[in-house]
Amino acid sequence: MIRVETQALLDGFAATGLAAYVAALLVRRAGGPVTPRLVFLFGVMSVFYGVRSLAVRTGLPVLEAATYAAISLAPLAALLLAEGLLRRHAPRPVKIAVFAASALALGFALFTTSRVAFGSRSALAVIILSSLVAILILLWARDRKSLSRAENGAVRRLAVGLAIVIPLIGTDFSELVASPIGFSPIAALVIVLLALSNGVKDARDVWIDVAVIVATTLALTCGLIEQLDVGAFDDRVRLFALIAAALITMTLVVRIQPFGAAGRRISLRQRMASADTRSLNGFLGDMTREPILKDLSVLSDHDLVDYCPENLAQTLDRRPLWSAAALQAETDKLNAAESEPLLDLLTRSDATHVGLLSRAPLRVGLVRLPDMLRNTEAEVDLGLAFRMARLTAENHT
């Protein structure tokens, strides 16, 4: 028997992890045909688990209807993602079957009587599971020679994720499986964990991470069972599921932070690659569209008359970008007469980094980086942007 209160908490963890991944995808702005499909699929699943959790807590009929409407879109979203990964359309019979399944499930959700427990809607389970099985077959039967090694890896991970989630979705339907809790939220979190590792980590490392999470969950569960004197087997299973969902969600949140930062770096590099290099003003105009450079201040020689512009330019010429920390630390390379004017300029401008954009005419750029981005790859990329600006200026003088 599924306890709805425990299920609501488990659904809340899944909604949090999925929403964090969707937010990272949107912030990353990587583009490409697959990203919108990932956002659609995981966005639908995040809404489903979030609304289902709220529906259990509040008992509002409108939230119950929204729960079934959201899950009815899952087969369609999975098919669109599969087509994007395979770089071709699915066979017409599969496409028609999945579209029909989503339409039937949506109608079933909106027009059946309200206050019917999710676990008892076996017809909805059959529709959703059948369409997901069809998509899994499509992925496994792919033409592997038509895809690159990386693309085959991404398809394989989605297929493995579906193979895991399909039987676990059945545990959400109490008429089909006598389960103490619906395990599909954990399966969804595992799929996100696999998606995050795509192209970043070796598959073996990912499964090692999963094994560590499982081992940690077992250790914590055993400890809490002893401390709380949990005797019933079903209650032990529920406790295990909650701890596993909490650990996976925390792992995702930690992993997603550098994932989003990597997206910002890629965005900056893409902007550099496509920026207008016919003039310094054109290049800077394109680059300031990036959040990291939106507050860029450009000073000319008449703005620097209090700092002896020529000496300032000679100091800045030693590296593309100087930070306040570097100016204070590298006393063996800079004397006080060289570093103090730049430190004063940074202080007066409320900036953290300064670099030379052009020698003739003199142009100095000042920018402020958030604390979390200092001493990271973002700082290196910022230095590359300043170096490219300098080369652009030199090529047109």
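Look a little higher up for the structure.
Rules and cut-offs
- Residues numbered from 1 in each chain as written.
- Predicted model: local features only at pLDDT ≥ 70, side-chain atom pairs only at ≥ 80, totals over all residues.
- Heavy atoms only, no water.
- Helix = DSSP H or I, 4+ residues; strand = E, 2+ residues; numbered from the N terminus.
- Buried < 20%, exposed > 50% of the residue type's maximum accessible area, 1.4 Å probe, protein only.
- Contact = heavy atoms within 4.5 Å.
- Areas by Shrake-Rupley, 256 points an atom, 1.4 Å probe, with all protein chains shown as cover.
- Axes fitted to C-alpha atoms, helices over the stretch in contact; angles between N-to-C directions.
- Parallel < 35°, antiparallel > 145°, perpendicular 65-115°, else oblique.
- Left-handed = near helix turned anticlockwise from the far one by under 90°.
- Nonpolar A, V, L, I, M, F, W, Y, C, P; charged D, E, K, R; others polar.
- Pairing = 2+ DSSP bridges.
- Expected span 1.5 Å × (residues − 1).

1. Some points on the overall build of the protein chain
Inference 1: The secondary structure content of the protein chain amounts to 15 helices and four strands.
Inference 2: By the burial criterion, 49% of the 397 residues in the protein chain qualify as buried.
Inference 3: Taking the intrachain contacts of the protein chain between residues at least 6 apart in sequence as the baseline, contacts between residues at least 24 apart amount to 67%.
Inference 4: Accessible surface for the protein chain amounts to roughly 19400 Å². Of this, 62% is attributable to carbon and sulfur atoms.

2. Considering the packing of helix α2 (residues 34–58) against helix α3 (residues 61–72)
Inference 1: Taken N-terminus to C-terminus, the directions of α2 and α3 make an angle of 155°; their axes are 8 Å apart at the nearest point. Of the possible angle classes, the one that applies to α2 and α3 is roughly antiparallel. For the pair α2 and α3, the sense of crossing is left-handed. Across the interface between the two elements, Val44, Met45, Val47, Phe48, Val51, Arg52, Leu54, Ala55 and Thr58 of α2 pack against Leu63, Glu64, Ala66, Thr67, Ala70 and Ile71 of α3.
Inference 2: Its residues assigned to classes, the contact of α2 with α3 shows 11 nonpolar, two polar and two charged.

3. Regarding unusual backbone geometry
With glycine set apart, most residues show a phi of negative sign, and most peptide bonds adopt trans.
Inference 1: The omega torsion across Ala360 and Pro361 is -5°, close enough to zero to call that bond cis.
Inference 2: Its identity is not glycine, yet Cys308 carries a phi of approximately 55°, on the positive side.
Inference 3: As for its position among the elements, Cys308 is in the loop between β1 (297–300) and α12 (309–316).
Inference 4: For Cys308, a relative accessible area of 38% corresponds to the partly exposed category.
Inference 5: For Asp350, which is not glycine, the phi dihedral falls at a positive 55°.
Inference 6: Among the structural elements, Asp350 can be located in the loop between α14 (336–349) and β3 (353–358).
Inference 7: In this structure Asp350 comes out as exposed when scored by relative accessible area, which is 51%.

4. Side note on the pairing of strand β4 (residues 363–367)
Within a regular beta strand, the side chains point alternately toward one face of the sheet and then the other, so they alternate between its two faces.
Inference 1: Counted residue by residue, β4 has four buried out of five residues, so it is predominantly covered.
Inference 2: As paired strands, β1 and β4 are joined by four bridges and run antiparallel to one another. Paired with Leu299 across the bridge in β4 is Val364.
Inference 3: Here β3 runs beside β4; their pairing, made up of five bridges, is antiparallel. By the bridge assignment, Val354 is partnered in β4 with Leu366.
Inference 4: If you look at the hairpin formed by β3 and β4, you'll find four residues sitting between the two strands.

5. Some words on the sheet that holds β4
Pairing between the strands of a sheet comes from backbone hydrogen bonds, and it takes one of two forms, parallel or antiparallel.
Inference 1: Strand order in this open sheet of four strands is β1-β4-β3-β2, and the pairing throughout is antiparallel. Edge positions in the open sheet fall to β1 and β2 (322–323), since each of these has one partner strand only.
Inference 2: Most of the contacts of helix α15 (residues 377–394) go to β3, to which it runs at about 20°, and overall it touches β2, β3 and β4.

6. What to know about helix α4 (residues 74–86)
Inference 1: For α4, which comprises 13 residues, the first-to-last C-alpha distance of 18 Å matches the rise-based estimate of 18 Å (1.5 Å per residue) to within 8%.
Inference 2: Summarising burial for α4: 12 of the 13 residues are buried, a large majority.
Inference 3: Buried residues of α4: Ala74, Pro75, Leu76, Ala77, Ala78, Leu79, Leu81, Ala82, Glu83, Gly84, Leu85 and Leu86, and no others.
Inference 4: Immediately downstream of α4, the backbone of Arg87 shows phi near 60°, a positive value.

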